[in-house]
Amino acid sequence: MSEEFDAQAPRKSKNVVAYERIAGKGGWYDEAGCTLAIFPIVAALVGFGSDFPEGYATLPLVPVVIWLWGLAIRRAFRLRPLYGDARDYVRRLVDAEERGVRIPQPSPVLRQMYEIEKSGREHLARKARKKQR
C-alpha cells in the first residue's frame, strides 16, 4: 500500500533514481577487496620471513583483489556525479517537511542522508535558540 503524500512534495529526478539504483547494490566490493587483500600480504610476509614457502600460494589472489577494487572504483566514479542531485533532493524533502508538506518515505539508500540532514538542521536550530538566550 503506497503512502499518500502532498502534490508539493519534491519529485525524484532521473539522476536521483539512478543514484538509488547504483548505491543500493555492489557495496560489498570494497569490503571484500580489503579483506581478501589481507591474506596474500600476510602469507607472503610469512613465506618471506620463515621457512614456510607455501605462504606464497596465496599470491594468485592478488589479481582477484585488484579486480574487486577496480569494480569499487568504477562504482564510485559512477556515483560521484549523481551524489549532488541526490543530496539536493533530500534537502528539498526536508524543506518541504518543515513547511508541513507530507513527503514520501525516503528509500533505504537515501534514508541516511535524510537523517543526517534533519539532525543537522535540528542541531543548528538548537544552537540558534541557545545563542539567543
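Further up the page is the structure itself.
This section reports on the structure supplied with the text. For clarity, every value in this text was computed on a predicted model and none was experimentally measured.

Here is what the cut-offs are and how they apply
- Residues numbered from 1 in each chain as written.
- Predicted model: local features only at pLDDT ≥ 70, side-chain atom pairs only at ≥ 80, totals over all residues.
- Heavy atoms only, no water.
- Helix = DSSP H or I, 4+ residues; strand = E, 2+ residues; numbered from the N terminus.
- Rg over C-alpha atoms; globule rule 2.2 N^0.38 Å.
- Buried < 20%, exposed > 50% of the residue type's maximum accessible area, 1.4 Å probe, protein only.
- Contact = heavy atoms within 4.5 Å.
- Areas by Shrake-Rupley, 256 points an atom, 1.4 Å probe, with all protein chains shown as cover.
- Lys, Arg positive; Asp, Glu negative; His and termini not counted.
- Charge placed at Lys NZ, Arg CZ, Asp CG, Glu CD.
- Axes fitted to C-alpha atoms, helices over the stretch in contact; angles between N-to-C directions.
- Parallel < 35°, antiparallel > 145°, perpendicular 65-115°, else oblique.
- Left-handed = near helix turned anticlockwise from the far one by under 90°.
- Patch = residues over 30% accessible without salt bridge, like charges linked within 9 Å, V, L, I, M, F, W, Y side chains within 5 Å.
- Salt bridge = Lys/Arg side-chain N within 4 Å of Asp/Glu carboxyl O.

**A short note on the overall build of the protein**
A count of helices and strands for the protein gives four helices and zero strands. Along the chain direction, N to C, the helices and strands of the protein fall in the order α-α-α-α. On C-alpha atoms alone, the protein measures out to a radius of gyration of 23 Å, which is more than a quarter above the 14 Å that the 2.2 N^0.38 rule sets for 133 residues. Structurally, the protein occupies a C-alpha span of about 70 × 40 × 30 Å along its principal axes. Per-residue burial over the protein gives 29% buried out of 133 residues. The long-range share in the protein, meaning contacts at least 24 apart out of those at least 6 apart in sequence, stands at 70%. Counting every atom, the protein has about 9,600 Å² of accessible surface; 61% of that belongs to carbon and sulfur. Across the protein, the mean location of the 23 positive side-chain charges is 7 Å away from that of the 16 negative side-chain charges.

**Things to note about the side chain of glutamate 117**
Looking at the secondary structure, you find glutamate 117 in helix α4 (residues 108–132). A relative accessible area of 17% means that glutamate 117 is categorised as buried.

**Focus: the packing of helix α1 (residues 14–23) against helix α3 (residues 61–98)**
At a minimum axis distance of 8 Å, the contact between α1 and α3 shows a crossing angle of 130 degrees. Judged by the angle between their axes, α1 and α3 are oblique. Seen from above, α1 lies across α3 with left-handed handedness. The residues of α3 that touch α1, namely those facing Asn15, Val16, Ala18, Tyr19, Arg21, Ile22 and Ala23, are Arg75, Arg78, Leu79, Leu82, Tyr83, Asp85, Ala86 and Tyr89.

**What to know about the environment of phenylalanine 77**
Its location among the elements puts phenylalanine 77 in helix α3. Residues phenylalanine 77 and glutamate 31 lie 46 residues apart in sequence; the distance between their C-alpha atoms is 17 Å.

**So, a nonpolar patch on the surface**
Residues Phe48, Tyr56, Leu59, Val62 and Ile66 make up a contiguous nonpolar surface patch of roughly 490 Å² in combined accessible area. With relative accessibility at 34%, the residue tyrosine 56 sits in the partly exposed group.

**Considering a positive patch on the surface**
On the surface, a cluster of positive charge is contributed by Arg21, Lys25, Arg74 and Arg78. Within the element layout of this structure, arginine 21 appears in helix α1.

**Focus: α1**
Restricting attention to buried positions, one finds in α1 the residues Val16, Ala18, Tyr19, Glu20 and Ile22. Check the buried side of α1 and you find it contacts α3 and α4.

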